[in-house]
Amino acid sequence: MALNLARRIIGAAGHGGPQRFYHRSAPVLSGGLSQHQNTPDNTEETPFDFTVENYQKVDKILGRYPANYKQSAIIPLLDMAQRQNGGWLPLAAMNKVAEIVEQAPMRVYEVATFYTMFNRVKVGKYFIQLCGTTPCMACGAEEIRTTIEEHLNIKDGETTADGLFTLKEVECLGACSNAPMVQMNDDFYENLTPESTRQLLDACAAGNKPPMNKWGSLPMNGQMSCEGPIGNKFALLDGPLEGGKSDKRFRTDGALDGQQIEPSSVKEHMLY
Ligand code: FES
């Protein structure tokens, strides 16, 4: 309550104009409630079980922890259940995880309702998390949000009628240097403009989601990683200043060739 009030005051201060709310994070995707609400596809009786392949991963995950601390596996198991279920976590899946880790279901509900990475209602095939925190807001996040809302004809917290996209505004996703940005499912799309945002959405709708490369998801303006635009590489110098000047050059593109981690291998390692 106090935080919301502070945000409203900050948003309205000193401009003499209409009050602006810079932070618009929608309630958690559960209808704004922490309680479970039955829907036709989400009741205690709705069948859920891990696939044979995922049961093998269950064993690997449980093997990371002492046998008497199975509850340590709650988060990775919930994550796997959510991935198997198309990006959201039905009640039956939480109950299945509770059964596996031999805990009361409430212990699992407590985790699933606390962490915003878990969606307890259905989301679209492309779950768009739009960062609305200060650096992104200052660089145009509100314009990106408006672009997405108008292009997809949905509002924050809603899913398109075809079930393809869900939009949710979230707090900082840790890519502030390439603001404004969105996370779509597991991947970041950065340095967005209204035009590149529309291109991204259209590509996803056509089934051509831009692939990740060696740098992860490339910033949408073509720059490499989080380095500054070409010709303006004044940050992240390669060595200390000498006499107020540096004879060091910015790390060249490709300087890390052979040392990089293939993003898809990270997912494999994480048992995604
Ligand atoms: S403020 Fe948007 S990623 Fe940090």
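Above this text is the structure in question.
Keep in mind that what you see is a predicted model, and the values were worked out from it rather than measured.

Caption draft 1: Region of interest: unusual backbone geometry. A cis amide bond, omega -5°, links Ala179 with the succeeding residue Pro180. Within the secondary structure, Pro180 is located in the loop between strand 2 (165-170) and strand 3 (182-184). Of note in this structure, Glu102 is not a glycine but carries a positive phi near 60°. Tracing the chain through its elements places Glu102 in the loop between helix 4 (91-101) and helix 5 (105-114). The exposed category is assigned to Glu102, whose relative accessible area is 57%. Unusually for a residue other than glycine, Asn185 sits at a positive phi of about 55°. For Asn185, the position within the fold is in the loop between strand 3 and strand 4 (187-189).

Caption draft 2: Spotlight on the sheet that holds strand 3. The mixed open sheet is built from 4 strands, whose spatial order is 2-1-3-4. Strands with a single pairing partner mark the edges of an open sheet, and in this sheet they are strand 2 and strand 4. Across the sheet, the mean angle separating the axes of adjacent strands is 25° when strand polarity is ignored. Pairing analysis gives 3 bridges linking strand 3 to strand 4, with the strands arranged antiparallel. Bridge pairing links Gln183 to Phe188 in strand 4. On the sheet, helix 7 (residues 141-152) packs against strand 1 (126-131), strand 2 and strand 3 and is oriented at approximately 155° with respect to strand 1. Its contacts with the sheet place helix 8 (residues 194-205) against strand 1, strand 2, strand 3 and strand 4, and it is angled at close to 5° to strand 3.

What counts and what doesn't
The written sequence of each chain sets the order in which its residues are numbered from 1. Reporting of local features is limited, given that this is a predicted model, to residues whose pLDDT is at least 70; pairs of side-chain atoms are given and counted only at 80 or more, and all residues count toward the totals for whole chains, interfaces and linings. As a rule here, side-chain values cover all heavy atoms of the structure and leave hydrogens and water aside. In this text, helices come from DSSP runs of H or I with a minimum length of four residues, and strands from runs of E with a minimum of two, each type numbered from the N-terminal end. The buried label goes to any residue with under 20% of its type's maximum accessible area, the exposed label to any with over 50%, and the partly exposed label to all in between, with areas taken from a 1.4 Å probe on protein chains only. Here the rule is simple: two strands pair whenever DSSP picks up at least two bridges between them. For every element, the axis is a line fit to its C-alpha atoms; helices are fit only across the contacting stretch, and the angle between N-to-C directions ranges from 0 to 180 degrees. In what follows, a contact means two residues having at least one pair of non-hydrogen atoms within 4.5 Å.

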